[in-house]
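Summary of structural features
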Amino acid sequence: MRQITPIKMLAGAGLAALLLTLPALGQDAVVVVPEAEAAATAAAEPAFDAQMVFILNSLLMLIGGFLVFWMAAGFAMVEAGLVRTKNVSMQLLKNISLFSVACLMYYLIGYNLMYPLGNWVIGTDDGGGYIGAIGIAILEGVGISAGEASDISYAATSADFFFQVMFCATAASIVSGTLAERIKLWPFLIFTVVLTGLIYPIQASWKWGGGFLDTQFGFLDFAGSTVVHSVGGWAALAGAILLGARRGKYNADGSVNAMPGSSMPLATLGMFILWLGWFGFNGASQLAMGSVGDVSDVGRIMANTNSGALGGALAAMILSQILYKKVDLTFVINGALAGLVSITAEPLTPGLGTSALIGAVGGVIVVFAVPMLDRMKIDDVVGAIPVHLLAGIWGTIAVVFTNPEANLMGQLISIVIVGAFVFVVSFIVWFILKAVMGLRPTAEDEDMGLDVAEVGVEAYPEFK
């Protein structure tokens, strides 16, 4: 056995003591420098409360965006259910295509046109404007710190873009249903490019981007009864007038031939999906969830939105029973949607009962407006003009009954300005498309169905 001398024992003890102190020395070395760096970083970073506001606001917009995206499925189902079987695939193709086009155009030009952040191409002396900024949408960098956020008091630009682009696509979806069964695919998509890239974002900037309707007229439209829904309705109306009715819809004596849809269960399911999506459409338009008051308001908005829908559905059901001695399911479906559109301009300030009454007026509008359009020989396949245009106008006016900050003249003038701009520009675009490439398929193709003529679905047995 080897002998351990006292010197070796002493040296070993010293070495052990040194090794034991190394972790402490290492810890001191790591802590001293980063503490200084951490102090400097902490001074630059916003407070934790401000960061949580940013996070919660962004989360609200992302959740709202998910729900509004789900409305695209609702529109597709309602339209597919209300068109005839021979046009279902064409209608679904249009819904996929228009959504894709809308998102692309909003990225390329629409987002900055709508939200110029004061950088107006054509501005006004009061800080508002008419034409917003030109340029593509740009998101934050990857993995930014709180100090690098563009606006820590608001939300992530990416979350804001994701939420807002869904509204743009919604406006285009409204047009699709009205012009169903007798418009070719490519003219429709070219119009969608103009609508989502220019028409929608320009007029939306006048209110939501801080433009002249906001600064000069005090226009109030919380989630878009006018800014989104009536815009789609005006564009659809212009197209319906130029396009004309479906073959066989109206007789020379003024009578109307019913053209039942392919699937009422599909249309009803689509309505419920839209009803669900509207909670994101209106609720997330609060754009804030970082305080007790904000969260309470989001809940209030969603509850009032629900009341608006039920008011519209019940009013349409009762009125159709009184007028026609039976309940028309399509009126009830569109009544619920009209109630939702009606409450969209101001879903925060009313109470539950008032919200139901505002929605009920929307349901009444549908029941009277659908036959009125037929008398005018304006063929609206899914009833989008009564639901989105007329109920949108009503909802925008109804703001004055519950919000003390609203004034009737400001609301009316803004409705007229937006309506005139959208209808005239849309009519011109439709007119050019009609002259250059034509809007309608041939009579033979229309009778056979656009699934075969435009999409390439195998012909139905009666046409083989």
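Structure shown above.
An account of the accompanying structure is given in this report. None of these values were measured; they are calculated from a predicted model.

Notes on the overall build of the protein chain
Check the secondary structure of the protein chain and you find 15 helices and two strands. By residue count, 51% of the 464 residues in the protein chain fall in the buried class. In the protein chain, 78% of the contacts between residues at least 6 apart in sequence involve partners at least 24 apart. For the protein chain, the accessible area works out to roughly 20,200 Å², and carbon and sulfur atoms hold 71% of it.

Things to note about the nonpolar core
Formed by 108 residues in total, the largest nonpolar core has its most connected members in Tyr 106, Val 175, Tyr 200 and Trp 430. Counting six residues, the second largest nonpolar core, distinct from the first, contains Ile 343, Ile 358, Ala 369 and Trp 394.

Structural notes on the packing of aromatic side chains
Applying the stated rule across the entire model yields 20 aromatic pairs. On the basis of an interplanar angle of 75 degrees and a centroid distance of 6.4 Å, the ring pair of Phe 212 and Phe 217 is categorised as edge-to-face. Relative accessible area serves as the criterion here: at 23%, Phe 217 is assigned to the partly exposed category. Aromatic pair Trp 394 and Phe 401: ring centres 6.2 Å apart, planes at 40 degrees, arrangement tilted. What makes Trp 394 buried here is its relative accessible area of 18%. Look at Phe 401 and you get exposed, because its relative accessible area is 60%. Taken together through their ring pairs, the aromatic side chains of Tyr 130, Trp 206, Phe 212, Phe 217 and Phe 421 make up a single cluster. For Lys 94, the ring lying beneath its charged end belongs to Phe 188, and the centroid distance is 4.9 Å.

A short note on the pattern of salt bridges
For the structure on display, the rule yields six salt bridges. In this structure, Arg 84 engages Glu 181 in a salt bridge whose closest nitrogen and oxygen atoms are separated by 3.2 Å. With Arg 84 in the loop between helix H2 (48-82) and helix H3 (88-114) and Glu 181 in the loop between helix H4 (157-178) and helix H5 (185-207), this residue pair connects regions lying 97 residues apart in the sequence. Neither residue differs from the other here; Arg 84 and Glu 181 are each classed as buried.

Looking at the packing of H3 against H4
Two numbers describe how H3 lies on H4: the axes approach to 8 Å, and their chain directions differ by 135 degrees. When the interaxial angle is binned, H3 and H4 end up oblique. Here the hand of the crossing between H3 and H4 comes out right-handed. Contacts between H3 and H4 involve Gln 91, Lys 94, Asn 95, Leu 98, Phe 99, Ala 102, Cys 103, Tyr 106, Tyr 107, Tyr 111 and Met 114 on the former and, on the latter, Thr 157, Asp 160, Phe 161, Gln 164, Val 165, Met 166, Cys 168, Ala 169, Ala 172, Ser 173, Ser 176 and Gly 177. Taken together, the residues of the contact of H3 with H4 break down into 14 nonpolar, seven polar and two charged.

Reading the values: rules and limits
- Residues numbered from 1 in each chain as written.
- Predicted model: local features only at pLDDT ≥ 70, side-chain atom pairs only at ≥ 80, totals over all residues.
- Heavy atoms only, no water.
- Helix = DSSP H or I, 4+ residues; strand = E, 2+ residues; numbered from the N terminus.
- Buried < 20%, exposed > 50% of the residue type's maximum accessible area, 1.4 Å probe, protein only.
- Contact = heavy atoms within 4.5 Å.
- Areas by Shrake-Rupley, 256 points an atom, 1.4 Å probe, with all protein chains shown as cover.
- Core = buried A, V, L, I, M, F, W, Y, C linked by side-chain atoms within 4.5 Å.
- Phe/Tyr/Trp six-rings, centres within 6.5 Å; stacked < 30°, edge-to-face > 60°.
- Lys NZ or Arg CZ within 6 Å of the ring centre and 35° of its normal.
- Salt bridge = Lys/Arg side-chain N within 4 Å of Asp/Glu carboxyl O.
- Axes fitted to C-alpha atoms, helices over the stretch in contact; angles between N-to-C directions.
- Parallel < 35°, antiparallel > 145°, perpendicular 65-115°, else oblique.
- Left-handed = near helix turned anticlockwise from the far one by under 90°.
- Nonpolar A, V, L, I, M, F, W, Y, C, P; charged D, E, K, R; others polar.

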